[in-house]
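# Structural overview for review
Spelled out from the first residue to the last, the chains are:
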Amino acid sequence: MTQPALDLVIAALEKIREKNDRAPRASRTALAQLQAAPVAASLREAGTSPTERQLQAARNKADLLAAVRERVGACTKCAHLACSRTQTVFGVGNPDADLMFIGEAPGADEDQQGEPFVGRAGQLLTRILKAMNFAREDVYIANILKCRPDMPAGSFGNRAPTPTEMQTCLPYLVEQIDIIQPSVLVALGAVAVEGLLGTRATMRELRGRWHTYNSIPLMITYHPAYLLRNQAPSEKRKVWEDMLQVLERLERPISERQRNYFL
Ligand code: SF4
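Residues numbered from 1 in each chain as written. Predicted model: local features only at pLDDT ≥ 70, side-chain atom pairs only at ≥ 80, totals over all residues. Heavy atoms only, no water.

## Notes on the overall build of the protein chain
- Summing up its helical and strand segments, the protein chain has twelve helices and six strands in all.
- Evaluated residue by residue, the protein chain yields a buried proportion of 43% over its 263 residues.
- Of the roughly 14,200 Å² of accessible surface on the protein chain, a fraction of 51% belongs to carbon and sulfur atoms. (Helix = DSSP H or I, 4+ residues; strand = E, 2+ residues; numbered from the N terminus. Buried < 20%, exposed > 50% of the residue type's maximum accessible area, 1.4 Å probe, protein only. Areas by Shrake-Rupley, 256 points an atom, 1.4 Å probe, with all protein chains shown as cover.)

And the structure:
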């Protein structure tokens, strides 16, 4: 946004304030982006190259994400999860990514390592990315919930997050999406879809076609953990077909080998 455009926005906000009892409201992310706008505009005016501008945009986004990460790290909105977690699991990857994956919640491995999708399911996601010609660092990966859902003492495994837990934590993911502004979102599994869209449906109904989240194209596919439980080639092929649609949407080249690939 250029300085004259920014002045127009400020003038419009001041008018709204004059006419209303309540001051206009904006999210922290929107305010931070407005603050960063003059810097980006001055860089453009200074004749910086597109690559430099991209780098600066990535740096701005990284700074904005770091501020959200700090708030998440101190969050105790779900007292039971704040007590049981080893650490929060914020998200990982390129702050300026075109492609963002959304899972449901950290499991035991993620809780220990502080990074989403690092267990067996995460390793499969990394393999899927590689088959798409992406490294983990190229995309952004986050969960609806930033804390591991707690388990009863003495029990093992992971549990799905509750709708209340997901609603409580969702604003942090919304901020991440607002900052990163990916071209395509991929939701992994029905629980992630319920957390993101508030829609409860079977994967058969949801996957394989485009949805939207805040005007961003959203592909829904199976969670990699499902593929670990169900190794049928037909199920793996479904996920790969969903990923081919993602590559097409991102206008990435697709080789013949990729077209015929089975995960
Ligand atoms: S799950 Fe989210 S909202 Fe709940 S305590 Fe953790 S970071 Fe906070």
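And the narrative resumes.
## Section: the site of the ligand
- Taken together, Cys75, Lys77, Cys78, Leu81, Arg85, Leu145, Lys146, Cys147, Thr168 and Cys169 make up the full set of residues adjacent to the ligand.
- Taken together, the residues that form the shell around the ligand break down as six nonpolar, one polar and three charged. (Near = heavy atom within 4 Å. Nonpolar A, V, L, I, M, F, W, Y, C, P; charged D, E, K, R; others polar.)

## Here's the deal with the pairing of strand 3 (residues 140–143)
- Here strand 3 shows no split at all, with Tyr140 and Ala142 on one side and Ile141 and Asn143 on the other all buried.
- Examined bridge by bridge, strand 1 (residues 92–93) and strand 3 share two bridges and lie antiparallel to one another. Each residue of the ladder has a partner; that of Val92, found in strand 3, is Ile141.
- In the sheet, strand 2 (residues 99–103) pairs with strand 3 via four bridges, with the strands oriented parallel. Bridge pairing in strand 3 places Phe101 opposite Ile141. (Pairing = 2+ DSSP bridges.)

## Side note on the packing of helix 3 (residues 50–73) against helix 7 (residues 163–180)
- Between helix 3 and helix 7, the least distance of the axes is 9 Å, while the angle of their chain directions is 175 degrees. Classified by the angle their axes make, helix 3 and helix 7 are roughly antiparallel. Residues Lys61, Leu64, Leu65, Val68, Arg71 and Val72 of helix 3 pack against Tyr172, Glu175, Gln176, Ile179 and Ile180 of helix 7.
- Partitioned by chemical class, the residues of the contact of helix 3 with helix 7 number seven nonpolar, one polar and three charged. (Axes fitted to C-alpha atoms, helices over the stretch in contact; angles between N-to-C directions. Parallel < 35°, antiparallel > 145°, perpendicular 65-115°, else oblique. Contact = heavy atoms within 4.5 Å.)

## Let's talk about the nonpolar core
- In terms of nonpolar packing, the biggest core is built from 62 residues, with Leu99 and Phe101 touching the most fellow members.
- It is helix 7 that provides the largest number of residues to this core, a total of eight residues.
- Ignoring any residue separated from it by four or fewer positions in sequence, one finds Leu99 in contact with Met132, Phe134, Val139, Tyr140, Pro182, Val184, Val186, Val246 and Leu250. (Core = buried A, V, L, I, M, F, W, Y, C linked by side-chain atoms within 4.5 Å.)

## Points about unusual backbone geometry
- The phi torsion at Phe117 lies on the positive side, around 55 degrees, for a residue other than glycine.
- Take Phe117: its relative accessible area is 5%, and that puts it in the buried class.
- Not every positive phi belongs to a glycine, and Glu251 is a case in point at roughly 60 degrees.
- Inspection of the secondary structure puts Glu251 in the loop between helix 11 (233–249) and helix 12 (256–259).
- For Glu251, a relative accessible area of 73% corresponds to the exposed category.

## Overview of the environment of Val184
- Within the element layout of this structure, Val184 appears in strand 4 (residues 184–188).
- Judged by relative accessible area, which is 1%, Val184 ranks as buried.
- Once residues within four sequence positions are removed from consideration, Val184 is found in contact with Asp98, Leu99, Met100, Trp210, Ile216, Pro217, Val246, Arg249 and Leu250.

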